[in-house]
There are 2 protein chains.
Amino acid sequence: MNQHPDYLLNKIKSPADLKQLSLAQMQQLAEEIRTLIIEKDSVTGGHLGPDLGIVEATIAYHYVFNAPKDKIVWDVSHQTYPHKMLTGRAYAWLDPDRYGDVTPYSNPEESPYDYFAVGHTSTSISLATGMAKARDLMGGKENIMALIGDGSMTGGVAFEGLNNAAIEPHNLVVVVNDNQWSIDKNVGGLTVALKALRDSNGQAAANPFTAMGFDYRYVADGNDLEAMIEAFKGVKDVDHPILLHINTLKGKGYQPAIDDEEGHHWVMPFNLKDDSSKAPASKPSPASVAVKTVEEAIDQGNKRIMAINAAIPGVFGLDDMKVNYPAHYVDVGIAEQESVGFAAGFAKEGATPVLFENSTFLQRAFDQLSHDVAANNLPVVMVVAGGTISPNSKTHVGYFDQVMLSNLPNWTYLAPSSLAEVKAMLKWAIEQKQGPVAIKLPGGSVPEGDPENTLENYDEIKYQEVKHGEKTAILALGATLEKGIKAAEELGASLFNPISANILDTDCLDQLAKDYDLILTLEDNTLDGGFGQKIASYLADKPVLVKSFGLSRMYIDTDMSFAKILEDNHLNVDQIVADARELLD
Amino acid sequence: MNQHPDYLLNKIKSPADLKQLSLAQMQQLAEEIRTLIIEKDSVTGGHLGPDLGIVEATIAYHYVFNAPKDKIVWDVSHQTYPHKMLTGRAYAWLDPDRYGDVTPYSNPEESPYDYFAVGHTSTSISLATGMAKARDLMGGKENIMALIGDGSMTGGVAFEGLNNAAIEPHNLVVVVNDNQWSIDKNVGGLTVALKALRDSNGQAAANPFTAMGFDYRYVADGNDLEAMIEAFKGVKDVDHPILLHINTLKGKGYQPAIDDEEGHHWVMPFNLKDDSSKAPASKPSPASVAVKTVEEAIDQGNKRIMAINAAIPGVFGLDDMKVNYPAHYVDVGIAEQESVGFAAGFAKEGATPVLFENSTFLQRAFDQLSHDVAANNLPVVMVVAGGTISPNSKTHVGYFDQVMLSNLPNWTYLAPSSLAEVKAMLKWAIEQKQGPVAIKLPGGSVPEGDPENTLENYDEIKYQEVKHGEKTAILALGATLEKGIKAAEELGASLFNPISANILDTDCLDQLAKDYDLILTLEDNTLDGGFGQKIASYLADKPVLVKSFGLSRMYIDTDMSFAKILEDNHLNVDQIVADARELLD
């Protein structure tokens, strides 16, 4: 039920309605939007600070421009809650029963006001520049704008976009939403440049944007609705590229989000009364075990370790490391290519880099993983989180890191199935010097594992028999081991932990081909380019049947039924068992 | 035999010998080095302009610094011929019998003066920053430097590197070798900034480097040996990050390379007398057919097409398009991420982008291929060159694009086997709107093909039977079709053209499993993540044997025997036939 039937927002069905309001009414709207963001986030969790900071700019945009004819590309699109509320989707904030009815990122399937599904940073300028070029070629006249936060500006593709946007011959506006923060605190030379511009009210001579040829404008208070309306009026229908630098306050309107911006970039459900989290206290997780393993290695005397991440310390709980091991911690900003290249250089000198990466964002660094690390066979260690089939936005799916890493030469990709294996594998990886090693942190509920039965050495990959049976042998990789145990019990099958996503134990496989009628492979990944296809291909010229289970070549999305995805892909234990029985008949 | 026994260079066994020379002697050395570059390139081909331009800077570097203790990372390392000559490898230029004894890029296996195998642009600053951090952590004091050309500066990872380098607390020097050119003419806002700095002798206030916090120095003539020595002395042993901007002349010392810099960035063997090429006149190639197909589509009225490339028009012969179809051509600079993001924006507007990419460099854009193009299912068209198993440097291998593209959702990856198929597939791709389509240009000697027997429509993938036989069916993808024909003849086997690297004709495969004892797959690619593993996996639960032929997970390199690589991987027709016969027995 609508919790705020009295809100002015109820009357805004589209930006056309917004254009009828007075300034005072729009300021009231801003208050309503802020209240709704906080209320819903306290229940469902979500992005908080970025949305609170962009309220006035969004209202001003829709007041001045004529969307959807005029187009805006929201970088990352994690700041689009106000935009969604003003473009016919306020119900998903007004009515708790409908909290789930609108997706968290921009979504062309949801609204004509959204142009792209995006969720990774720094691509908005490239996208907008391509749109502007197409508009010019086809004779259009609409305004095209990219809005990008200062944190996203550190991603190299943003610079590639700026470099081309600066020389566009026609209308194109890049709004840099400078709130002095990315997900973590901003780092690097660009921060220096933006600060000098803020401190000089946009007048500093050493301006990287004017240096590139942009017409440049500055708004000192990007949360001043009137100022933003004036600024947007000033750049509307211009005939050349303009960079509009606006200074906004991330988290504006919610004091805890201002006091602790990093902790309120994205939030879990929280209590409105005191901002305390509703999430249960955290237990040891694969991520926390990985961080602890690195800390222990340093404590035990390995002083050459550097924990490296690209603006995502929160994903791993690296914040304590930053405080307690400052010499062994670096955050390169949102710059995954840099993180991997940096690690390559670090390893070359004989020191030990440990990269903490998120599967979906690691996609940015494919070339560095090959060209800089693998081709040089450098002992870079990497821990990858989020590499799992899970209900997620299609822009954030995490099953391509395995495709990337496991098909490159020299990389060993290990897939632990328990907390004990996470620890043992990372400990080994840090000490070894044979080449690059990545560790795929298991998703879902991860068992503690038994340190006694966990290998200590992974110089060679030897499959571990977990349970002995007959006729069928199941190879269950990483997080799927629990599923494999259940299927093996039902089938009376043997179960093996194959340890690695890409190094095959061919001695074991040759023996399995002789001893069994059927081999099943399970993995928490896509079939295409994955572990099962390697096993199937290796065994394809031998008289044993192989059946691989994994996700088909598709994007999962938040508006799909996850249960149906699992069923369609035969990923439930009863389906795996049924498929095996059919093949054994 | 040494062609120049009188050269001073014969006495330079290492940089220590260089340090004994007078300025006049080093100037003589510069002349010798230039002569040798031109002489050897005229016989073997190679990079020309970049090496001619960097001679004085290289001599000055080794005169002032103490390599290999002090370290320099050469971006791309296509400008390292002078460096190689000064670090004990001059024999490979002095003696034509030894022209092949030194590899073309920096190579740690070849010399302690080379730190990384590199060949892709823009990574040097990341690598150097990581090295500097490791040095600091381990208590070292050596100088660390990255040298990067202005063309490579447009690659986003260079900016990511700069952003972090600027805040390094200790010694780190970034040399921007500004010769106003990349592979093609430089484009974009950075060009504007560099020109302003050159025009003002480094004094322009709008300086993107000082804006980021760098200490900045400028050398107006980077080919003035004395000036370069002074400049390097000025930055040696500094305790903070410095950006040294040097203005050099690409191609210096060889007038044709100055007059036509683009044509002399990298050269085929040429006649010293008149610079004419020794290469035979070019016949129609997959690349030229692709370009012509795009031109014809425009001529026939499709005015919404844009041919997009990232600083490699020469790879495809796009230069004429630039002149004759300027509204339909864009070069985004060395910025593959931007090229793909730009194409996504362009397609979103309803226009048709046709990307011309090189397999090895396309690795930079993996995330954009997924997140921006595939997740939005935009009808981006892409032509990929160089995706082939060929004798190459390990930094330039071209077999990961198929791994990248063919395992992503929504992409259709087509693999033409003839010029006629290149044309038909591209024509179809430009007209279709169902999603992104890539076309893998075949390498090697490509048959013309028969337009009569070439499909026009690829909405659905239907395998084409090329030859009918029995017992064995061969699926020969793209460039391997010719090899498949020979193997099929020897085996009396059936031969199919499977058309696509990733869309399986499951009806046909189901039938093949019934009709044949053995299926062979051939592809010009790695086995891991490739076509054969998909086929093997699909057929693995059916009672038919499958044997896939492709490259194992390895980097090919120029110092390996290519014949041995083919043999080790059973890629010769007689080996394929023998393996099949063994399985049929």
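Note that the structure is a prediction, hence the values are computed from the model and not measured. (Residues numbered from 1 in each chain as written. Chains lettered and ligands numbered in written order. Predicted model: local features only at pLDDT ≥ 70, side-chain atom pairs only at ≥ 80, totals over all residues. Heavy atoms only, no water.)

Description of the interface of chain A and chain B
Line of reasoning, step 1. If you look at the interface, chain A gives 111 residues, while chain B gives 111 residues.
Line of reasoning, step 2. Across the chain A-chain B interface, the total number found is 8 salt bridges.
Line of reasoning, step 3. One salt bridge connects K534(B) with D528(A), and the closest N-O pair in it is separated by 2.6 Å.
Line of reasoning, step 4. Its residues assigned to classes, the side of chain A that touches chain B shows 54 nonpolar, 36 polar and 21 charged. (Contact = heavy atoms within 4.5 Å. Salt bridge = Lys/Arg side-chain N within 4 Å of Asp/Glu carboxyl O. Nonpolar A, V, L, I, M, F, W, Y, C, P; charged D, E, K, R; others polar.)

Some details on the UniProt feature "domain: Transketolase-like pyrimidine-binding" (unreviewed entry) in chain A
Line of reasoning, step 1. Those places that UniProt annotates as "domain: Transketolase-like pyrimidine-binding" (unreviewed entry) correspond, in this numbering, to residues 284-448 of chain A.
Line of reasoning, step 2. Regarding residues 284-448 of chain A, the helix share stands at 42% and the strand share at 16%, and the terminal C-alpha atoms are separated by 9 Å. (UniProt positions renumbered as here; feature names shortened; annotations may be inferred. Helix = DSSP H or I, 4+ residues; strand = E, 2+ residues; numbered from the N terminus.)

Here's the deal with the packing of aromatic side chains
All names here are of chain B.
Line of reasoning, step 1. Evaluation of the coordinates by the stated rule reveals 24 aromatic pairs over all chains.
Line of reasoning, step 2. For the pair Y61 and F65, a centre-to-centre distance of 4.8 Å together with 20 degrees between the ring planes defines the contact as stacked. For the pair formed by Y61 and F65, the shared burial category is buried.
Line of reasoning, step 3. Arranged with centres 5.4 Å apart and planes meeting at 50 degrees, the rings of Y81 and W93 form a pair that is tilted. (Phe/Tyr/Trp six-rings, centres within 6.5 Å; stacked < 30°, edge-to-face > 60°. Buried < 20%, exposed > 50% of the residue type's maximum accessible area, 1.4 Å probe, protein only.)

So, the relation of the copies chain A and chain B
Here two copies of a chain appear, and what relates them is a rotation about an axis with a shift along it.
Line of reasoning, step 1. Superposition record for chain A on chain B: RMSD 0.0 Å, screw rotation 180 degrees, translation along axis 0.0 Å. What we have between these two chains is a two-fold relation. (Least-squares fit on C-alpha atoms with pLDDT ≥ 70 in both.)

What to know about unusual backbone geometry
Line of reasoning, step 1. Geometrically, the link from A67(A) to P68(A) is a cis peptide bond, its omega value of 5 degrees lying close to zero.
Line of reasoning, step 2. Mapped onto the elements, P68(A) comes out in the loop between α4 (55-64) and β2 (71-74).
Line of reasoning, step 3. At I499(A), a residue that is not glycine, the phi angle is positive and equals roughly 70 degrees.
Line of reasoning, step 4. Within the secondary structure, I499(A) sits in the loop between β16 (494-497) and α22 (506-515).
Line of reasoning, step 5. Among the residues examined, I499(A) registers a relative accessible area of 0% and is labelled buried.
Line of reasoning, step 6. Positioned with a positive phi, D237(B) is a non-glycine residue whose angle comes to about 60 degrees.
Line of reasoning, step 7. Following the sequence through the fold, D237(B) ends up in the loop between α11 (225-235) and β6 (241-247).
Line of reasoning, step 8. Take D237(B): its relative accessible area is 52%, and that puts it in the exposed class.

Overview of the sheet that holds strand β15 (residues 472-476) of chain A
Residue and element names in this part refer to chain A.
Line of reasoning, step 1. An order of β14-β16-β15-β17-β18 is seen for the 5 strands of this open sheet, with the pairing classed as mixed. The open sheet has two free edges, formed respectively by β14 (464-467) and β18 (545-551), since each of these has just one partner strand. Each strand of the sheet is rotated relative to its neighbour by a mean of 25 degrees, with strand direction disregarded.
Line of reasoning, step 2. Relative to β16, β14 is paired through 3 bridges, and the arrangement is antiparallel. Looking at the pairing, Q464 lines up with N497 of β16.
Line of reasoning, step 3. Here helix α25 (residues 573-584) sits on the sheet in contact with β15, β17 (518-526) and β18, set at roughly 150 degrees to β17. (Pairing = 2+ DSSP bridges. Axes fitted to C-alpha atoms, helices over the stretch in contact; angles between N-to-C directions.)

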